[in-house]
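What the coordinates show
As a plain string of letters, each chain reads:
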Amino acid sequence: MAVAATGIPAESGEPAMDKPRMKGRHLVMMSLGSAIGTGLFVGSGKGVAAAGPATLVAYIVAGLLVIAIMYMLGEMVAAHPDSGAFSVYTSRAMGSAAGFAMGWVWWIELVVVVAAEAIAAASTLVAMWPIAPVWLLTLIFLVVLTAINLLGADRFGEFEFWFALLKVVAVVVFLTIGVLLICGVLAAPAAGTSNLVGHGGFLPNGWSGVATALLLVAFSFGGIEIMAVAAAETEDPAHNVSRAVRTIVWRILVFYMGSVAIMVIAVPWDDPELGASPFVAVLNRAGIPAASEVMTLVIVLALLSSLNANLYGAARMLGSLAERGMAPRVAMRTRGRSVPTVAVLASVAFGFCCVLATFEWGDAVLGTLLNIVGSTIIVTYFFTICSHYVLRRRAEKEGAPLPMRLKGFPVVNWAAMILLIGIVVLGMFSPDVRAQLMSTGALVVILYVIGVGWSHHAGRSPFHPTTD
């Protein structure tokens, strides 16, 4: 059986290049949309409540880390596109046991996130319009988005393109309204910059508040790495990955920094409404009718878009693990349009189980799921930094061509690692974050040990680089 570079076997002798593939615009818009989710629409308010106007500092710091991580991923993806992405790169750099642990940690994270996002989207919609039970809407969302993922990479890309475009348009409209509000066009008098220095000043809660906000902000960027997985099923991945990564800098500056700046300038940071629903708070100040209803729909769309992309990523990662013998081989099985059908269904199965749990126990299920995930993004970032450092050194030693290069190597790697370690240290002082970090760390250790045992059973060295 031939195996394509995408991590999905090419059955029936079908050439990999003849498979349905996403277009460059799909990947670029997906990379744009992946930065826009509940972390921005809801999480930004929590960051402002913790640090006040100084939450902008937290966004700048976390934004620089994410930019560095994505350039590292972009360099590796452009050179070797693979649906296993960081799991494959970790195996090549640090050995099969580490690649095993990385792949399974990320898959487990996405499986839980898919279930949580479906329930959260249903709960958010029902809170505004009680049109159906939460469990029923959750079931409908999962069925529809599973069907989309079974249509093929090109059709998935088209759906996700429009999902992401709607989110981008929503943020652009918000930024426009915010600027008009600050300038006094939509309200009198103009907000000006008084809210930046009033109400306790720019640092009302000191640097400890900034540290708390940094933890919230760092976790809110999770999901951007989906681009690395999707690139393997995109036309001309080396070129389009470079395009997608180059959009990261301005999208973070415009969407995140711009939105948060408008929030803290237009509305006093200690306004309870800003902490609960920051976008609605600004729109209400501008006198926009039905602001709450509009933002509810946007948040639901953002959740469903994220669910759609995460289900895609989970299925491709499971398919890649199966291809490398790290998961049951049945997960490699594909049907029409080269869709890894078994991997898709396996990745959404937990979500359907959670539908039954929600029918039985209600809102308690979502709270439990949200407590499970969070710090796994730290694991992904850690392995990405280490893998890039090793593989870049190896490429330079061997004189291998790199279609895309991270400027500032290796200083950027060391700076990113120091910042990542700093975030972990800060997290250990927060009881909730500490529990997540420790549970995730335990999961990584357990999976690494299992990976060592698997490697020995498969006749591989668990500690040496692989050629996967």
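Our subject in this report is the structure included herewith.

Analysis parameters
- Residues numbered from 1 in each chain as written.
- Predicted model: local features only at pLDDT ≥ 70, side-chain atom pairs only at ≥ 80, totals over all residues.
- Heavy atoms only, no water.
- Helix = DSSP H or I, 4+ residues; strand = E, 2+ residues; numbered from the N terminus.
- Buried < 20%, exposed > 50% of the residue type's maximum accessible area, 1.4 Å probe, protein only.
- 1 Å grid on protein atoms, 1.4 Å probe; cavity = no way out; pocket = protein on both sides within 12 Å on 5 of 7 lines; lining within 4 Å.
- Points joined across faces, edges and corners; volume = space filled by probe spheres on them.
- Nonpolar A, V, L, I, M, F, W, Y, C, P; charged D, E, K, R; others polar.

This part covers unusual backbone geometry. The amide bond that connects F409 to the next residue, P410, takes the cis arrangement and shows omega of 0 degrees. For P410, the location among the structural elements is in the loop between α18 (376-398) and α19 (411-427). Unusually for a residue other than glycine, A85 sits at a positive phi of about 40 degrees. Position of A85 among the secondary structure elements: in helix α5 (residues 85-94). Since its relative accessible area comes to 0%, A85 is described here as buried. Despite not being glycine, A290 shows a phi value in the positive range, around 55 degrees. Checked against the element boundaries, A290 lands in the loop between α14 (278-285) and α15 (291-323). Take A290: its relative accessible area is 43%, and that puts it in the partly exposed class.

Volume-wise, the second largest pocket comes out at about 290 Å³. Forming the boundary of the second largest pocket are 16 residues, of which H80, R92, L391, R394 and A395 lie nearest the centre. Secondary structure elements with two or more residues in the lining of the second largest pocket: α4 (55-79) and α18. In terms of residue count, α18 provides more of the lining of the second largest pocket than any other element does, 6 residues in total. The residue inventory of the lining of the second largest pocket, partitioned by class, reads 7 nonpolar, 4 polar and 5 charged.

Read these as geometric descriptors, not functional statements.
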